[in-house]
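Analysis of the macromolecular model
Here is what each chain is made of, one letter per residue.
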Amino acid sequence: MDFPRWGERELDFVPVVEAPQEIEVQRSEARASSYRGLPSDRPAEVRLRWRWFDFMRYAPRVAIVGGVAGMAAMAVNRIHQGPWRGWLTLLPVAVGMLLAFPGIVGLVNGTQVVVDPTGLSVTHGPLPKQQRVHVPRKALIRLLVTTKPSDASPGIAPSSHDFAVRAQLRDGSCPIVLDHLSREQAAFLFHELVMVLHLDGWGRASADG
């Protein structure tokens, strides 16, 4: 399968791993109803939560942009004398906040995944950046884990979070469900989703859903 992101490829094998320490797992005490006439020992619902807080990746970016914006504001305040002095001083601060926003999001945001036998939903917050994702079980062909080269920028620490979980749907699309994951996070989340959605070991749904 071809992916739109440069260098992205599907993993042939996804090992089973224990829950990474940063992922909070809440499994419903209720059991799922029987599936295809067979008793089920799987939870009726699983909630997975984790904070992004990629400090080594985002903190230097926020610090550098914030420092440059602060120095620019002080320079404007000293040089410019006039009625617009206050507004001109705020301009570099506003630009700095805009440029630093992705880094701030990476430090404070988190992800929640809610999955049950009917489908899965993914939300991110509290700051707005990514839209909510909802995948109905009946629309799903399979789940797959992909990896791509690190997107680290010069002067920024390389990121190990270059894995994603995609959903291949019956309409021919293959959207990203979860992104910027470590290998351990991607493997654990893949197997949790497979278990609750009643997919096979390769993440595939049955032909009739």
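Residues numbered from 1 in each chain as written. Predicted model: local features only at pLDDT ≥ 70, side-chain atom pairs only at ≥ 80, totals over all residues. Heavy atoms only, no water.

It is worth spelling out the pairing of strand β5 (residues 119–125) at this point. Of all 7 residues making up β5, 5 are buried, and the element is well covered by its neighbours. Inspection of the sheet shows strand β4 (residues 110–116) paired to β5 by 7 bridges, in the antiparallel sense. Pairing of G110 across the sheet is with G125, part of β5. A loop of 2 residues connects β4 with β5, the two strands running antiparallel in sequence. As paired strands, β5 and strand β6 (residues 133–136) are joined by 4 bridges and run antiparallel to one another. (Buried < 20%, exposed > 50% of the residue type's maximum accessible area, 1.4 Å probe, protein only. Helix = DSSP H or I, 4+ residues; strand = E, 2+ residues; numbered from the N terminus. Pairing = 2+ DSSP bridges.)

The next subject is unusual backbone geometry. Put simply, G125 and P126 share a cis peptide bond, and its omega is 10 degrees. For P126, the location among the structural elements is in the loop between β5 and β6. Of note, the phi angle at H180 is positive, near 55 degrees, even though the residue is not glycine. Examined against the element boundaries, H180 turns out to sit in strand β9 (residues 176–181). Even without a glycine there, the phi angle at H198 is positive, about 60 degrees. Checked against the element boundaries, H198 lands in the segment after α3 (183–196). Residue H198 is classed as buried on the basis of its relative accessible area, which comes to 11%.

With that settled, the discussion passes to the pattern of salt bridges. Under the definition given, this model contains 5 salt bridges. Measuring nitrogen to oxygen at the nearest pair gives 3.1 Å for the salt bridge that ties R47 to E45. Classification of R47 by relative accessible area gives partly exposed; the value is 26%. (Salt bridge = Lys/Arg side-chain N within 4 Å of Asp/Glu carboxyl O.)

A separate point is the pairing of strand β3 (residues 46–51). Here β3 shows a clear split, with V46, L48 and W50 buried on one side and none of R47, R49 and R51 buried on the other. Here β3 runs beside β4; their pairing, made up of 6 bridges, is antiparallel. Its bridge partner being in β4, R51 is matched across the sheet by G110.

Here we take up the sheet that holds strand β1 (residues 9–10). What the 4 strands build is an open sheet, ordered β1-β7-β8-β9; its pairing is antiparallel. The sheet is open, and its two borders are formed by β1 and β9, each paired with just one other strand. For strand β8 (residues 163–169) and β9, the ladder comprises 3 bridges, and the chain directions are antiparallel. If you follow F163 over to β9, its bridge partner there is L181. Relative to the sheet, α3 contacts β7 (140–147), β8 and β9, its axis offset from that of β9 by approximately 155 degrees. (Contact = heavy atoms within 4.5 Å. Axes fitted to C-alpha atoms, helices over the stretch in contact; angles between N-to-C directions.)

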